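Residues per chain are reported as follows:
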Amino acid sequence: MGHRDVGILHPGAMGARVAAQAVTAGAVVRWLPQGRSAATRARAVEYGLRSAANLQELAENCEVVLSVCPPAAALDVAGQVAAAGFRGVYVDANAVSPERMAEITGVFEGSAVTVVDGGITGPPPRETDRTRLYLSGDDTAVARVAALFDGSALIPVTLAGPIGRASALKLAFAAYNKISYALAAQACALADGHGVLDDLLDLARQMLPETPLAGTEHLAAAGPRAWRWEPEMREIAQACRGVGVPSAFAEAAAETFARWEAHKDDTTVTGERLIADLVQGTSPSMSRDRTGLPLR
């Protein structure tokens, strides 16, 4: 087993950039190209990732596995890694609730795996001081993971205490940051329904210039990401219920983001289109597989 061999599941926009930072810091990063898109394969080549033939090969050759996937797939990904016989440090860096993290940890119970709880905040890491990887859990394992990103644009931050703390912080931040887009869309749809949308946007530009309400071009950023944000809101709702906090805000935001799932990865979608989706009550089919993560 290589001293700094790392597996990444799976290099989407965020995962690929996280993997690139580990490569920059000197790690060998392996990934699974099977079933992935041409764009994903091109990213892997660009960032210097090495392909593995299957999950078993990746598990056997890596001392650390990073899971960076949609939250709805996190538990299943952990189960498949456990079934592959992995014996190192497993980092779940997904937007999942502390309760879900407990389930993920339970998947590896009785094995040689040490689980680390991770939470990524900020954009896919490119520039320093913009993206953080919060880590909690076993001190030795956390230090081992943090060292993978020494000198890179991804800043590891250790949270003292047990598994669940990193996930809780990630979701608390996302609750404010991402639900603000749903609130802005709701306000715009309300204003549009009463014929005062332009007036609302003008008011917001003056009073709240740095918010998603300040212009439909800001709101549009939520469209391509809504397919990931909707299950994240469900995780936030679960985390809220776990500590007796009302979950209605997160559940309503999930409903809003579900209306936009048809715009997955569509960077051309406009804020006006997103507002219209709410006003018209349109909802894309929910039968689509949200994970798209073939592992076997």
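Report follows, based on the coordinates. (Residues numbered from 1 in each chain as written. Predicted model: local features only at pLDDT ≥ 70, side-chain atom pairs only at ≥ 80, totals over all residues. Heavy atoms only, no water.)

Looking now at the environment of valine 107. Topologically, valine 107 is positioned in helix H5 (residues 98-107). Taking the C-alpha atoms as reference, valine 107 lies 32 Å from proline 224; in sequence the two are 117 residues apart. (Helix = DSSP H or I, 4+ residues; strand = E, 2+ residues; numbered from the N terminus.)

Angle between the axes and distance between the axes: these two values describe a pair of packed helices. It is the contact of helix H7 (residues 165-193) with helix H8 (residues 197-207), at a shortest axis distance of 7 Å, that shows an interaxial angle of 140 degrees. Here H8 runs oblique to H7, going by the angle between their axes. Residue-level inspection shows Ala187, Cys188, Ala191 and Asp192 of H7 in contact with H8, the latter providing Leu197, Leu200 and Leu201. Here the contact of H7 with H8 is built from residues that sort into 6 nonpolar, no polar and 1 charged. (Axes fitted to C-alpha atoms, helices over the stretch in contact; angles between N-to-C directions. Parallel < 35°, antiparallel > 145°, perpendicular 65-115°, else oblique. Contact = heavy atoms within 4.5 Å. Nonpolar A, V, L, I, M, F, W, Y, C, P; charged D, E, K, R; others polar.)

Okay, the pairing of strand E4 (residues 64-67) next. Side-chain alternation along E4 places Val64 and Leu66 on one buried face and Val65 and Ser67 on a second face that is also buried. Across 4 bridges, strand E1 (residues 5-9) lies against E4 in parallel orientation. Across the sheet, glycine 7 pairs through a bridge with valine 65, a residue of E4. Handedness of the crossover joining E4 and strand E5 (residues 89-92) through helix H4 (residues 74-83) is recorded here as right-handed. (Buried < 20%, exposed > 50% of the residue type's maximum accessible area, 1.4 Å probe, protein only. Pairing = 2+ DSSP bridges. Right-handed = clockwise from strand over helix to strand, strands pointing away.)

By themselves, these are just geometric observations and shouldn't be taken as functional.
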